[in-house]
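Structural description and commentary
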Amino acid sequence: MAAKSDKVIITCAVTGSIHTPTMSEALPITPDQIAEQAIAAAEAGAAILHLHARNPQDGRPTGDPAVFMQFLPRIKQATDAVVNITTGGSPTMTVDERLAGVMKFSPEMCSLNMGSMNFALYPMVTKYKTWKYEGEKPYRLGTDQIIFRNTFADIEKISKLMGEGHGTKFEHECYDVGHLYNLAHCVDKGWFKPPIFLQLIFGILGGIGADHENLLHMKRIADKLFGDEYAWSILAAGRHQMPFVTMGAIMGGNVRVGLEDSLWLGRGQLAQGNADQVNRIRTILENLSLEIATPDEARQLLALKGGDDVAF
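Heads up: these notes are all about the structure in this document. Just so you know, these numbers come straight off a predicted model, no measurement behind them.

Ranked by size, the top nonpolar core spans 70 residues in total, and within it L49, L51, F192, L198 and F202 carry the most contacts. Among the elements that line this core, the one with the most residues is helix 1 (residues 31–44), at 7 residues. Excluding residues within four positions of it along the chain, L49 makes contact with C12, A38, A41, A42, I75, T79, A81, V82, V83 and N84. With 12 residues, the next largest nonpolar core counts I48, F197, A231 and A293 among its residues.

Below you can see the structure in the form of structure tokens.
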């Protein structure tokens, strides 16, 4: 079974590449906004901060290390939270563009998508009549013809560059059952060493649906493939976020919230920032008599190299 911990790790995914500025005034776009919201999320109880960068002029996703550098040092100076930098970036980026930040900054953790997939955002377009920036609508509409590339060759490359080269551990993002089998193959090849940290993802069009039966099934397959050599977390898109992560925590998992995954705090209520969601899930977990892990407890469970061994 999964690696056991008495405490729940809260990850906060601060901005991502899915949502665009029109969708919420609270979505952090500029380096200042990303830094401020990441620090607030850590103060609210997030042990891990999952970070993307955006072009501050229009909110487009960017892999430019110069933009990351405008907020990473501020976050590190203000909090002890684990910094987890994306290697997913955006489906529209090349693999090298997605790797630029992690290669420069050598973080404790980085995300790693475990398979190529359709990653469809275009259905959201019908909800908005006007857009803040002209590139938002074409970006989303174009996802009906994009394959989010994560080949075995890409995965091996990232494992060698970041795992072997930098001692960085991975948040293995699994959008479907097949991604668990992909990861098991990679572990058999020696590309990743336990403890494995799974992020089970539900509700993205192109991945597994946000049905509770799917969570049970994904957990069963993870147990079958990885035994007691993994820890796991759960995220769900949009309105499914809080119910799904609560169910995962009750089952013994860790949780991920944040405006990358959902703009909402509750039914019909937009979150005013990432800390809102962290505070909400922390209250739920504590009401269930579950304890919240500190950053150092997360480092111990996931066998991370430590915050002093990064390059920012």
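Here we take up the packing of aromatic side chains. Aromatic rings in a pair are described by how distant their centres are and how their planes are angled relative to each other. Evaluated as defined, the whole model comprises 9 aromatic pairs. Plain terms: the ring middles of F119 and Y175 are 5.8 Å apart, the flat faces sit at 75° to each other, and that makes the pair edge-to-face. Here F119 is found in the loop between strand 8 (117–118) and helix 5 (136–141), whereas its partner Y175 is found in the loop between strand 10 (169–174) and helix 7 (177–188), with 56 residues between them in sequence. Judged by relative accessible area, F119 falls into the buried class, the value being 5%. Judged by centre distance (5.4 Å) and plane angle (50°), the rings of Y128 and W131 are tilted. Of the residues examined, Y128 reaches a relative accessible area of 24% and is grouped as partly exposed. A connected cluster of aromatic rings, assembled from ring pairs, spans F68, F71, F105 and F312.

Right, let's talk about the side chain of R98 for a bit. Relative to the assigned elements, R98 resides in helix 4 (residues 95–105). Beyond its immediate chain neighbours, meaning those up to four positions away, R98 contacts T86, T87, G88, G89, S90, M93, F148, R149 and N150.

A few words now on the environment of K305. Tracing the chain through its elements places K305 in the segment after helix 11 (295–302). For the pair K305 and I208, spaced 97 residues apart in sequence, the C-alpha to C-alpha distance is 32 Å. Residue contacts for K305: discarding those within four places in its chain leaves S106, P107, E108, H166, G167, T168 and V310. Only 2.9 Å separates the side chain of K305 from the side chain of S106, close enough to count as a polar contact.

Further remarks concern the pattern of salt bridges. Across all of its chains, the model carries 15 salt bridges by this definition. Of the charged contacts, one joins E297 and K7 as a salt bridge, the two residues approaching to 2.8 Å between their closest N and O atoms. Taken together, the positions of E297 in helix 11 and K7 in strand 1 (residues 7–8) put the pair 290 residues apart, joining distant regions of the chain. Across the pair E173 and R256 runs a salt bridge whose closest N-O atoms are separated by 3.0 Å. Separated by 83 residues along the polypeptide, E173 in strand 10 and R256 in strand 13 (residues 254–257) bring together distant segments of the chain. Three or more residues joined by partner-sharing salt bridges are found here, namely E171, E173, R256, E260 and D261.

The end-to-end C-alpha distance of helix 1, which contains 14 residues, comes to 20 Å, matching closely the 20 Å that a straight helix rising 1.5 Å per residue would cover. Here helix 1 has its buried residues at P31, I34, A35, Q37, A38, I39, A41, A42 and A44. Of the residues one or two after helix 1, G45 is the one with positive phi, at around 130°.

About the thresholds
Residues numbered from 1 in each chain as written. Predicted model: local features only at pLDDT ≥ 70, side-chain atom pairs only at ≥ 80, totals over all residues. Heavy atoms only, no water. Core = buried A, V, L, I, M, F, W, Y, C linked by side-chain atoms within 4.5 Å. Buried < 20%, exposed > 50% of the residue type's maximum accessible area, 1.4 Å probe, protein only. Helix = DSSP H or I, 4+ residues; strand = E, 2+ residues; numbered from the N terminus. Contact = heavy atoms within 4.5 Å. Phe/Tyr/Trp six-rings, centres within 6.5 Å; stacked < 30°, edge-to-face > 60°. Polar contact = N/O pair within 3.5 Å; in protein donor to acceptor, adjacent residues only side chain to side chain. Salt bridge = Lys/Arg side-chain N within 4 Å of Asp/Glu carboxyl O. Expected span 1.5 Å × (residues − 1).

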